[in-house]
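Structure assessment
The lines below spell out each chain.
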Amino acid sequence: MRASITIALVLVACEAEVAPALDAGLEVRPGEGIGPVHVGMRYADVREALGPLEGAFTSERVAFGRYTSLGLEVVLVSSEDASVSDDAIVIGVGALQSEGFVGPVVPGMRRDALVAAYGEPDDEAGETALYREGFGVEHDGDVVSKVGVFRPYTHEPTPPAMARATGTR
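Residues numbered from 1 in each chain as written. Predicted model: local features only at pLDDT ≥ 70, side-chain atom pairs only at ≥ 80, totals over all residues. Heavy atoms only, no water.

1. Thoughts on the overall build of the protein
To be explicit about the condition: Going along the chain from the N terminus, every DSSP run of H or I of four or more residues is numbered as a helix, and every run of E of two or more is numbered as a strand. Here the term buried applies to any residue with accessible area under 20% of the maximum for its type, exposed to any over 50%, and partly exposed to those in between, with areas from a 1.4 Å probe on protein chains only. Residue contacts follow a heavy-atom distance rule, with two residues in contact if any of their heavy atoms lie within 4.5 Å.
When helices and strands are tallied, the protein shows three helices and twelve strands. Counting every position in the protein, which comprises 169 residues, the buried fraction comes to 31%. Put simply, 44% of the contacts in the protein that link residues at least 6 apart link residues at least 24 apart.

Laid out in structure tokens, this is it:
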């Protein structure tokens, strides 16, 4: 009985340490990550920080998983074809709702504020705008509806010349 009470108290104490960070809002950091999820980290570490994915779809080693309660989506590359492996690597993370996020680019911000802070996007496709600083946004009219974070990239409006393949498979 004492062991059960001790374990329960330890779990409550651990939860109390984690909860304030999430209550303050998940910080969106362009080119780096959102909240405790960083581009380049492994799924085992994501799971340790946030628990198991609440839903995931994996096809040909690319996995899209969600933490619906947080409004967070994680994109991973897995070593397994149809499931998320512990060694899967985060290649992107997204903020899918306007509540619960803080930072320089968040869902709910106005397009004019985004342009004032970062300028015009480097690439656009419909309502999606991409910035080489390592983030992209989807717009719903003049409001940012979603934010995705990935590694910064070099903007090359003209693709490089094709190179001949050197290997065989």
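2. Brief notes about the pattern of salt bridges
Just so we agree on the cut-off: For salt bridges, the criterion is a side-chain nitrogen of Lys or Arg within 4 Å of an Asp or Glu carboxyl oxygen.
Under the counting rule described, the total for this entry stands at six salt bridges. Residue glutamate 32 is joined to arginine 29 by a salt bridge in which the shortest nitrogen-to-oxygen separation is 3.6 Å. In this structure, glutamate 127 engages arginine 111 in a salt bridge whose closest nitrogen and oxygen atoms are separated by 3.7 Å. One end of the pair, glutamate 127, is in the loop between β9 (123–125) and β10 (128–131); the other, arginine 111, is in helix α3 (residues 111–118), and 16 residues separate them in sequence. According to the relative accessible area criterion, glutamate 127 is partly exposed, its value standing at 44%. A network of salt bridges, in which partner residues are shared, links Arg111, Glu127 and Asp142.

3. Description of the sheet that holds strand β2 (residues 33–34)
So the rule is basically this: At least two bridges found by DSSP between two strands is the condition for calling them paired.
The four strands lie next to each other as β3-β2-β1-β8, forming an open sheet whose pairing is mixed. Sheet topology places β3 (37–38) and β8 (101–102) at the edges, where each strand pairs with a single neighbour. Examined bridge by bridge, β2 and β3 share two bridges and lie antiparallel to one another. Paired with glycine 33 across the strands is histidine 38, a residue of β3.

4. Side note on a nonpolar patch on the surface
Rules: A patch is a set of surface residues, each over 30% in relative accessible area and not in a salt bridge, joined within 9 Å for like charges and within 5 Å for the nonpolar side chains Val, Leu, Ile, Met, Phe, Trp and Tyr. Here the accessible surface of atoms and residues is derived via Shrake-Rupley with a 1.4 Å probe, and residues count as covered only by protein chains that are part of the display.
A surface patch of nonpolar side chains, about 470 Å² in accessible area, is lined by Phe57, Val62, Phe64, Val77, Ile89 and Ile91. Those elements that provide at least two residues to the nonpolar patch are β5 (62–67) and β7 (89–95).

5. Comments concerning the confidence of the model for the protein
To keep things clear, this is the line we draw: Here pLDDT means the predictor's own confidence in every residue, given as a number from 0 to 100.
Looking at the protein as a whole, its pLDDT mean stands at 85, while 85% of the residues score no less than 70. Taken as a whole, residues 1–21 scores under 50 in pLDDT and shows zero contacts with residues more than four places along the chain or in a different chain.

6. What about the environment of glycine 55?
Within the secondary structure, glycine 55 is located in strand β4 (residues 55–59). For glycine 55, a relative accessible area of 32% translates into the label partly exposed. When the C-alpha atoms of glycine 55 and glycine 65 are compared, they prove to be 5.5 Å apart, with ten residues separating the residues in sequence. Residues within four places of glycine 55 in sequence aside, it is in contact with Phe64, Gly65 and Arg66.

7. As for the sheet that holds β7
What counts is decided by this rule: Orientation is described by axes fitted as lines to C-alpha atoms, over the contacting stretch for helices, and by angles from 0 to 180 degrees between their N-to-C directions.
What the eight strands build is an open sheet, ordered β4-β5-β6-β7-β12-β11-β10-β9; its pairing is antiparallel. Strand pairing shows two members of the sheet lacking a second neighbour, β4 and β9, which therefore form its edges. Geometrically, the sheet is characterised by an average inter-axis angle of 20 degrees between neighbouring strands, direction not taken into account. Across three bridges, β7 lies against strand β12 (residues 143–149) in antiparallel orientation. Paired with alanine 95 across the two strands is valine 147, which belongs to β12. α3 rests against β10, β11 (135–140) and β12 of the sheet, and its axis sits at about 155 degrees to β11.

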